[in-house]
Amino acid sequence: MAGVEWVALTDGAEWRIYNAHAPVPIEHKLFRAVRLEDSLDDTAQLLSLLSKENMRDNRIEELWKGYFVDRQVHGELLELFGDGEPAAELVAMLDRRLSRLTRDEIRASLIRVRATFDFPSSAASTGVASVSPLGAVEHVEAVPVVPPTVAPALPQQQTPVRPAKSRSHKRPVSEGERALKVIDLIRAGRLRPGSRLYGKYLGKQYVAELLADGSIRYGGRTLGSPSAAGEAVKIEVHGPSITATRRATDGLDFWSAEDARAGDVVSLKEIRRRLATEGQA
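All values reported here derive from a predicted model rather than from experimental measurement.

Undergrad: I keep staring at the overall build of the protein chain and nothing clicks. Help me out?
TA: Summing up its helical and strand segments, the protein chain has 11 helices and nine strands in all. Buried positions account for 41% of the 281 residues belonging to the protein chain. Within the protein chain, contacts between residues separated by at least 24 positions form 57% of all contacts whose residues are at least 6 apart in sequence. A total of about 15,300 Å² of accessible surface is found on the protein chain, and carbon and sulfur atoms cover 54% of it.

Shown next, in the form of C-alpha cells:
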C-alpha cells in the first residue's frame with residue numbers, strides 16, 4: 001500500500017524477502033527465505049541483495065524475473081506429469097515420437113512416472129552468490145515426493161498427484177453422480193477401506209486415510225467428508241484465520257485414490273463418474 005516494491009520481514013532469526021508488486025497471490029510473492037541457525041552464509045548472501053549497491057544495480061529484480069518465470073514453467077511441468085490422467089497433449093507428443101508403443105502403453109507409463117525438475121539458480125550470472133529460492137523454509141514450489149514408507153506395495157501411488165485444479169476440461173456433473181456418496185464407492189468396490197487418499201495444495205502433497213464408513217482420517221482427526229478433510233489441509237497451511245472463501249473445498253476434486261477396479265490413481269470425482277456411467281449402461 002505504501003508503494004514499496006521489495007519487503008523484508010524478520011523476527012531476527014528468519015528473514016523473508018517478498019516482491020510486493022508481483023501480480024500473484026500473496027503466498028507466491030515470497031522470493032527467498034533463510035534462517036540464521038541453518039546458514040549464516042546464505043543469510044548474508046540473501047541480505048547482500050538489499051545493499052545500496054545491489055539495489056542501485058537492480059540485481060534483485062534480475063533474479064526475480066528468472067525465478068518468476070521458472071516457477072510458472074515448473075508448475076506447468078508438474079501438471080503435465082501429474083498423477084492420474086496424463087495431459088492429452090503430452091500423450092499425443094510421445095505417441096508421435098514412440099511409434100512402437102500404443103497410446104495406452106504411453107498413458108500407463110506416464111501414470112507410473114515420478115518426475116522432478118531442477119532449475120539452477122540464475123544468481124551466478126548476476127555476480128551475486130547463489131541462494132536457494134526455497135532457503136530453509138518449506139515453500140509452495142518444493143517438488144513433493146511421497147516418502148518410501150507410504151504404500152510401499154503400490155509404488156505407482158508414490159507419484160505426486162495432480163493439483164486439485166487441473167487443466168483437464170470440466171465435465172458436467174449428472175444427477176446420478178451427485179446421488180453417489182463416498183460410502184457408495186466403497187460398497188461398489190471402487191474404493192478400499194484403509195486405502196490412502198492423496199491431495200495436493202500449493203505444490204505440496206498431503207496423505208489421508210479412507211475409513212470403512214466413508215469418513216476420512218487426516219492429521220489424527222476423523223472427518224466426515226472429503227471436503228471437510230480438504231478444508232483441514234487448508235486450515236493447517238493458512239491457520240485458523242483463513243477466510244471462508246479460501247477454505248471452501250471440493251473434496252472429491254481435491255483427493256485422489258486408487259480405483260480398485262481400474263487400478264489407476266485418479267480423483268474421487270472421476271471414480272464417482274465411472275461408477276455412475278456403469279449404472280447407466
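Undergrad: Before we go on, may I ask you to explain the confidence of the model for the protein chain in this structure?
TA: Reading fine detail from the predicted coordinates is not recommended where pLDDT is low. Mean pLDDT for the protein chain: 75, with 77% of residues reaching 70 or above. Under a pLDDT of 50 for its full length, residues 122-169 has, in the predicted model, 124 contacts with residues more than four places off or in other chains.

Undergrad: Looking at this structure, I do not really get the pattern of salt bridges. What am I missing?
TA: Two side chains that carry opposite charge are able to pair once their charged atoms sit near each other. Here the structure, examined in full by the defined rule, presents 14 salt bridges. Here lysine 269 makes a salt bridge to aspartate 250, at a shortest N to O gap of 2.5 Å. Here aspartate 250 lies in the loop between α9 (244-247) and α10 (251-254) and lysine 269 lies in helix α11 (residues 268-280), a separation of 19 residues in the sequence. The class for aspartate 250 is partly exposed, based on a relative accessible area of 37%. For aspartate 259, the salt bridge identified is with arginine 274, shortest N-O distance 2.9 Å. Here arginine 274 lies in helix α11 and aspartate 259 lies in the loop between β8 (255-258) and β9 (265-267), a separation of 15 residues in the sequence.

Undergrad: Can you walk me through the pairing of strand β4 (residues 196-201) in this structure?
TA: Remember that side chains alternate between the two faces of the sheet whenever the strand is regular. The buried fraction of β4 is high, at five of six residues. As paired elements, β4 and strand β5 (residues 204-210) share six bridges and run antiparallel to each other. Note that in β5 the partner of tyrosine 198 across the bridge is valine 207. Linking two consecutive strands that pair antiparallel, namely β4 and β5, is a turn of two residues; a positive phi of about 50° is found at leucine 202 within it. Sheet topology note: the β4/β8 ladder contains two bridges and is antiparallel. Opposite glycine 199, over in β8, you have tryptophan 255 as the bridge partner.

Undergrad: Which parts of the structure should I look at to understand the packing of aromatic side chains?
TA: The geometry of an aromatic ring pair is captured by two quantities: the separation of the ring centres and the angle between the planes. Going through the model one piece at a time under the given rule, you end up with two aromatic pairs. Ring geometry for tyrosine 218 versus tryptophan 255: centroids 6.3 Å apart, planes at 55°, classification tilted. Here tyrosine 218, found in strand β6 (residues 216-218), pairs with tryptophan 255, found in strand β8; they are 37 residues apart in sequence, far enough to count as distant. Assessed through its relative accessible area of 9%, tyrosine 218 is described here as buried.

Undergrad: Can you help me understand the sheet that holds strand β2 (residues 14-19) in this one?
TA: One key point about sheets: their strands pair by backbone hydrogen bonds, in either a parallel or an antiparallel sense. A sheet is described by the order of its strands in space; here three strands give the open sequence β1-β2-β3, paired in antiparallel fashion. Each having just a single partner strand, β1 (6-10) and β3 (30-35) make up the two edges of the open sheet. When the angles between neighbouring strand axes are averaged without regard to direction, this sheet yields 15°. Pairing between β1 and β2: five bridges, direction antiparallel. Bridged to leucine 9 within β2 is arginine 16. Strands in contact with helix α1 (residues 40-48) are β2 and β3; relative to β3, the strand with the most contacts, it is inclined by about 145°.

Undergrad: What is the right way to read a negative patch on the surface from this model?
TA: Taken together, the side chains of Glu37, Asp38, Asp41 and Asp42 make up a negatively charged region of the molecular surface. Structurally, aspartate 42 is set in helix α1.

Undergrad: How do you make sense of the sheet that holds β8 when you look at a structure like this?
TA: Ordered in space as β7-β6-β5-β4-β8-β9, the six strands form an open sheet in which the pairing is antiparallel. Each of the sheet's edge strands pairs with one partner strand only, and the pair in question is β7 (221-223) and β9. Neighbour-to-neighbour, the strand axes of this sheet turn through a mean angle of 35°, independent of strand direction. Two elements, β8 and β9, share three bridges in a ladder whose sense is antiparallel. Residue pairing in the sheet places glutamate 258 in a bridge with valine 265 of β9.

Criteria and thresholds
- Residues numbered from 1 in each chain as written.
- Predicted model: local features only at pLDDT ≥ 70, side-chain atom pairs only at ≥ 80, totals over all residues.
- Heavy atoms only, no water.
- Helix = DSSP H or I, 4+ residues; strand = E, 2+ residues; numbered from the N terminus.
- Buried < 20%, exposed > 50% of the residue type's maximum accessible area, 1.4 Å probe, protein only.
- Contact = heavy atoms within 4.5 Å.
- Areas by Shrake-Rupley, 256 points an atom, 1.4 Å probe, with all protein chains shown as cover.
- pLDDT = per-residue confidence, 0-100.
- Salt bridge = Lys/Arg side-chain N within 4 Å of Asp/Glu carboxyl O.
- Pairing = 2+ DSSP bridges.
- Phe/Tyr/Trp six-rings, centres within 6.5 Å; stacked < 30°, edge-to-face > 60°.
- Axes fitted to C-alpha atoms, helices over the stretch in contact; angles between N-to-C directions.
- Patch = residues over 30% accessible without salt bridge, like charges linked within 9 Å, V, L, I, M, F, W, Y side chains within 5 Å.
- Lys, Arg positive; Asp, Glu negative; His and termini not counted.
- Charge placed at Lys NZ, Arg CZ, Asp CG, Glu CD.

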